[in-house]
Amino acid sequence: MADSIKDQEQQHLNYVTDQIKVAENNFSSKVKSTKRDIKGINDNFGNDVRIKTDTYSGMMETAMSIRQQQQMLAERENRQEYAAKQLVTLTKLEKNPYFARIDFQENGEAKPETIYIGMASFTDRPDHYLIYDWRAPISSIYYNGGIGDVSYDTPDGVQTVDVQLKRQFQIEDGSIKTVFDTEEVVGDQMLLDALGGHSDTKMKSIVTTIQKEQNKIIRDTSSELLFVQGAAGSGKTAAVLQRVAYLLYQYSGKLHSGQIVLFSPNQLFNDYINQVLPELGEQNMVQMTFYQYSSHRLPSIEVETLSQRFDEQFTGNARKVNEIKGSLDYFKAVTAYANHLNKEDMRFKNLVFQGKVLIPKEKIAEIYYGFNENYNLRNRLSATKESLLKILNRKVRVEMKKDWVEEAVQNLTKEDIQRMHADAEEEIENADKEFNFLARQIVIQSFRKVQRQINRNHFLSMNNQFVHMMRSLSQIIDLPAYGLTEDDWKQVVENTIDRLKNGKLSIDDATTYLYLYDLMTGKRGERDIRYLFIDEVQDYSAFQLAFLKFNFPRARFTVLGDLNQAIFTHENSHKLLDELSDMFDSEKTSVVQLTKSYRSTAQITDFTKEILDDGAAIESFNREGEKPVISVAANEATAIETLKQQAAENLEEHETTAIIGKTLEECEQLSKKLKAAGVRATFVRTENQRLVNGIIIVPSFLAKGLEFDSIIMWNASKENYADEDDRQLVYTICTRAMHRLTIISVGELSPLFDKVDPSLYQLQD
Ligand SMILES: Nc1ncnc2c1ncn2[C@@H]1O[C@H](COP(=O)(O)OP(=O)(O)OP(=O)(O)O)[C@@H](O)[C@H]1O
């Protein structure tokens, strides 16, 4: 790039930076002056508000003047908050105002226009943009094409412009480091620079290098269901985080981050991505795992954890049962079962008071089914609750006459009595009335627990209902279609009962349990949530997705998945796309495919794609590195020695190395052995830990969605990964590597690598 261009651009940059500084000074004085105002209003509160309470009009006047002061205060506080926020944005912009310039000509316009694109918009006077936010409609030109005709969406429809110049900048602390013009969509050089760096314990934003296909995902506002199918490392997560920032910008004032929920694979991953939105100047959305969502709603039941779920081996019938429980058929069967409860079979519990039955379950059933057939489950339940509360009220009078109440009245202290009067504001008239009053208060207080039980639906016998449902489902579901008999199903029910008796449920059963409960109680779902994102959707069953759809009825869904990385649901995941499309209007469903893998070097991607049966469509990004190494050791001691050497080498060259073992137990053992061998490594045993630099040991199911400079796959032996079922797991492990991949096997290597062309890796004995 000619120096003169760099100089010219530096001059322009200086001009913009100066304007930013002017704006910063402005906002900074605004923050100071509003702060002073607020202090002034607070200090003078006593003087400005005249307290008059002797007359009605005096009181009104006082109230009015207090209100005026409060309004003034609120208005100043808003102003201060706005100015402070602007100041934060400007401080960020000052260091790095923009990353691209586009010169383009609109149809029919005589002269080309020049715009600069950065992390936020900046105007030096109304409507005079020195910088456009990367999310503004016009900025799409940058992401959608190179030189020549480029189309982009505007609120008035698709526009096409003629792009004449596309220039990219790398700016550090207000000075231009590099400038280059490109004819491509986003110059490969820029992408190479972005991807060549070291991994970090926190994911970064990709705003300057968003790819065209990713831009489609980010800016989609029309789909009810946006399904992103992408290879490992193709930027699904990255794109979706920029999408959240885009939506918050696009619907600013109408949508806030609390109305967006992201379901992620584990807590470690949540921690990994939680800086991206703040870096983009936005607040994080609500993040949780499906396990957290279901277990927090079932506090008295122990829901199977990620690790337990992973360790469970499903073979034979267990696999078929799993398939049924995760299916849409099962979801529909539970819905049908719940519907029939409107007529019969609802299970109730006695309402008990002081160890004795207060309202028997038969009576509750009579009330519940006493309402006419036009009632649905929701209003049937709420009418029943109303009746039960009335009955409880009537029982107060009867209970008051009991001996225990008389005794309790006599034992009341003076303070108790005073408190009761204070609460009820009742005058003492005579002794009889006083006794009745106190007795009534005592009974009402003791009935509070029952009242709470009624309000919280504790008279529903949830566990019994769940078991009854499971038994009945054999009538609704076509068991032979899943290769199961009635007797098999009976066994399934017995196993579930055993678990439930110990206060435990598998994640599938817990989901069913919650769904049944929601139907029985007529839950309407979280209607405030507008966008729901599900990452690693291949690990969800169709049942779970239908359940989420039911629970978030007004949310638009963006689901991200790689069917090749299904580590929990295995072959069922391929049916998922069909089942998903069953749940949404096909007119409002979009599917975007991302095939290029950005995370790994070309050598790693070319290797990992061959592990898959159908990985041919995956494209590597042109970033060079070493070939992966497979090391087959004769025994464990030699393998540990190799691991030790490799870890030391990695540590010297890269920031992070993750040693990935298959199970938690295996990692635990390895961690001890490495410690004994003098290797310093952090064992990440639970998802609640933090990622750290250096060497970590992590079980495969926790490595989902993460990436590291180097990966050492520990013990890729035939014994450890014997099964075809493990193919996707092996792929997931190996694709976590950005720059270097080492595979170590104790004894014979897993046959899952047989398909890989030997020229794509280096073999060490
Ligand atoms: N357009 C881009 N510009 C720069 N970096 C990118 C781009 N797209 C993806 N990346 C980087 O590639 C890496 C992989 O991205 P990401 O984790 O989003 O992929 P993914 O599809 O979710 O992967 P996986 O399914 O394996 O978890 C990240 O480091 C991300 O920052």
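Residues numbered from 1 in each chain as written. Predicted model: local features only at pLDDT ≥ 70, side-chain atom pairs only at ≥ 80, totals over all residues.

Novice: Please explain the overall build of the protein chain as it appears in this structure.
Specialist: Counting its secondary structure elements, the protein chain contains 27 helices and 26 strands. Within the protein chain, contacts between residues separated by at least 24 positions form 74% of all contacts whose residues are at least 6 apart in sequence. (Helix = DSSP H or I, 4+ residues; strand = E, 2+ residues; numbered from the N terminus. Contact = placed C-beta atoms within 7 Å.)

Novice: Before we go on, may I ask you to explain unusual backbone geometry in this structure?
Specialist: Positive phi, close to 65°, is recorded for Asp-127, a residue that is not glycine. Its place among the elements puts Asp-127 in the loop between β3 (122–125) and β4 (128–133). Overall, Asp-127 belongs to the exposed group, with 5 C-beta atoms counted inside 10 Å. The backbone of Asn-715 sits at a positive phi, close to 55°, despite the residue not being glycine. By secondary structure assignment, the location of Asn-715 is in the loop between β24 (708–713) and α27 (727–734). On the neighbour-count criterion, Asn-715 (22 C-beta atoms within 10 Å) is buried. (Buried ≥ 20, exposed ≤ 12 C-beta atoms within 10 Å, placed from the backbone.)

Novice: I would appreciate a short explanation of the site of the ligand in the present structure.
Specialist: For the ligand, the set of nearby residues contains 23 residues, the closest of which are Thr-209, Ala-232, Gly-235, Lys-236 and Thr-237. Secondary-structure elements contributing two or more residues to the shell around the ligand are α5 (188–196) and α7 (236–250). Partitioning the shell around the ligand into residue classes produces 8 nonpolar, 11 polar and 4 charged. (Near = placed C-beta within 6 Å. Nonpolar A, V, L, I, M, F, W, Y, C, P; charged D, E, K, R; others polar.)

Novice: Explain the sheet that holds strand β15 (residues 531–534) to me, please; I cannot follow it from the model alone.
Specialist: Strand pairs in the sheet, formed through backbone hydrogen bonds, run parallel or antiparallel to each other. Strand order across the open sheet formed by 6 strands is β10-β9-β15-β16-β8-β17, with parallel pairing between neighbours. Only two strands of the sheet have a single partner each, and these edge strands are β10 (286–288) and β17 (589–594). Along the sheet, successive strands turn relative to each other by an average axial angle of 15°, direction set aside. Here strand β8 (residues 225–230) pairs with β17 via 6 bridges, running parallel. Bridge pairing in β17 links Gly-230 to Leu-594. Relative to the sheet, helix α6 (residues 212–219) contacts β8 and β17, its axis offset from that of β17 by approximately 150°. The strands touched by α7 within the sheet are β8, β9 (260–263), β15, β16 (556–561) and β17, with β16 carrying the most contacts at an inclination of about 160°. (Pairing = 2+ DSSP bridges. Axes fitted to C-alpha atoms, helices over the stretch in contact; angles between N-to-C directions.)

Novice: For this particular structure, what's the right way to read the packing of helix α14 (residues 361–368) against helix α15 (residues 377–400)?
Specialist: The geometry of α14 relative to α15 is characterised by a closest axis approach of 9 Å and an angle of 125° between their N-to-C directions. With respect to their mutual orientation, α14 and α15 come out oblique. Like other packed secondary-structure pairs, α14 and α15 cross with a definite hand, here right-handed. Where α14 approaches α15, its residues Ile-364, Ile-367 and Tyr-368 are matched on the opposing element by Arg-380, Thr-384, Ser-387 and Leu-388. Classifying every residue of the contact of α14 with α15 gives 4 nonpolar, 2 polar and 1 charged. (Parallel < 35°, antiparallel > 145°, perpendicular 65-115°, else oblique. Left-handed = near helix turned anticlockwise from the far one by under 90°.)

Novice: Help me out: how do you make sense of the sheet that holds strand β25 (residues 737–746) in this one?
Specialist: Pairing is parallel in the open sheet, where 7 strands are placed in the order β22-β23-β21-β24-β25-β20-β26. In this open sheet, the two edge strands, each paired with only one partner strand, are β22 (682–683) and β26 (762–764). Bridge analysis of strand β20 (residues 629–633) against β26 gives 3 bridges, and the strand direction is parallel. What sits directly across from Ser-631, in β26, is Gln-764. α27 rests against β21 (656–661), β24 and β25 of the sheet, and its axis sits at about 140° to β24.

Novice: Looking at this structure, how should I read α15?
Specialist: Owing to its 3.6 residues per turn, the α-helix aligns residues three or four sequence positions apart on the same side. With 24 residues, α15 ought to run about 34 Å at 1.5 Å a step, and its terminal C-alpha atoms sit 35 Å apart, in line with that. Within α15, burial applies to Arg-380, Leu-381, Thr-384, Leu-388, Leu-392 and Glu-399. The inward-facing, buried residues of α15 contact β13 (356–359), α14, α16 (403–410), α18 (431–455) and α21 (507–521). (Expected span 1.5 Å × (residues − 1).)

Novice: Sorry if this is basic, but what is going on with the pairing of β20 here?
Specialist: Each regular strand shows side chains that alternate between the opposite faces of the sheet. Where β20 and β25 come together, 5 bridges link them in parallel fashion. The partner of Val-629 across the bridge, within β25, is Thr-742.

Novice: Even after reading the chapter, I still don't get helix α25 (residues 636–653), so can you show me in this structure?
Specialist: With 18 residues, α25 ought to run about 26 Å at 1.5 Å a step, and its terminal C-alpha atoms sit 26 Å apart, in line with that. Within α25 the residues assigned to the buried category are Ala-639, Ile-640, Leu-643, Gln-646, Ala-647 and Asn-650. Axial view of α25: buried residues confined to an arc of 130°, hence all on one face. More than 90 degrees from the buried face of α25, the exposed residues found are Ala-637, Glu-641, Gln-645, Ala-648 and Glu-652. If you follow the buried residues of α25, they end up packed against β20, β21, α26 (664–676), β23 (694–699), β24 and β25. (Arc of directions from axis to C-beta.)

Novice: Would you take a moment to explain the environment of Asp-153 for this structure?
Specialist: Along the chain, Asp-153 turns up in strand β5 (residues 148–154). Separated by 217 residues in the primary sequence, Asp-153 and Gly-370 have C-alpha atoms spaced 58 Å apart. Excluding anything up to four places from it in sequence, Asp-153 contacts Pro-137, Ser-140, Val-158 and Arg-219.

Novice: What's the story with the environment of Phe-435 in this structure? I'm lost.
Specialist: With respect to the helices, strands and loops of the structure, Phe-435 is situated in helix α18. Look at Phe-435 and you get partly exposed, because 15 C-beta atoms sit within 10 Å. The spacing of Phe-435 and Gln-410 is 25 residues in sequence and 9.3 Å in space, taken between C-alpha atoms.

Novice: Sorry, what's going on with the pairing of strand β6 (residues 157–172) here?
Specialist: The sheet contact formed by strand β1 (residues 100–106) and β6 spans 7 bridges and is antiparallel. Bridging across to β6, Ala-100 finds its partner in Gln-168. Counting the residues in the hairpin turn of β5 and β6 gives 2 residues. Hairpin connection between β6 and strand β7 (residues 175–181): a loop of 2 residues separates the two successive antiparallel strands, and Asp-173 in this loop has a positive phi of roughly 45°.

Novice: Hey, could you run me through the packing of helix α19 (residues 462–476) against α21 in this one?
Specialist: To characterise two packed helices, one gives the angle between the axes of the helices and the distance between these axes. Direction vectors running N to C along α19 and α21 enclose 110°, while the axes themselves pass 10 Å from each other. Classified by the interaxial angle, the pair formed by α19 and α21 is roughly perpendicular. When α19 is examined against α21, the residues Met-462, Gln-465, Phe-466 and Met-469 are found in contact with a partner set consisting of Tyr-513, Leu-516, Tyr-517 and Met-520. Residues belonging to the contact of α19 with α21 are distributed by class as follows: 7 nonpolar, 1 polar and no charged.

Novice: Quick question: what am I supposed to make of the confidence of the model for the protein chain here?
Specialist: Taken as a whole, the protein chain shows an average pLDDT of 88; of its residues, 94% reach a score of 70 or greater. Interface scoring of the predicted complex returns ipTM 0.98; its pTM is 0.85. (pLDDT = per-residue confidence, 0-100.)

Novice: Quick question: what am I supposed to make of the environment of Ser-252 here?
Specialist: Of note, Ser-252 is situated in the loop between α7 and β9. Looking at Ser-252, the number of C-beta atoms within 10 Å reads 11, which means it is exposed. Between the C-alpha atom of Ser-252 and that of Ala-422, which follows or precedes it by 170 residues, the distance is 49 Å.

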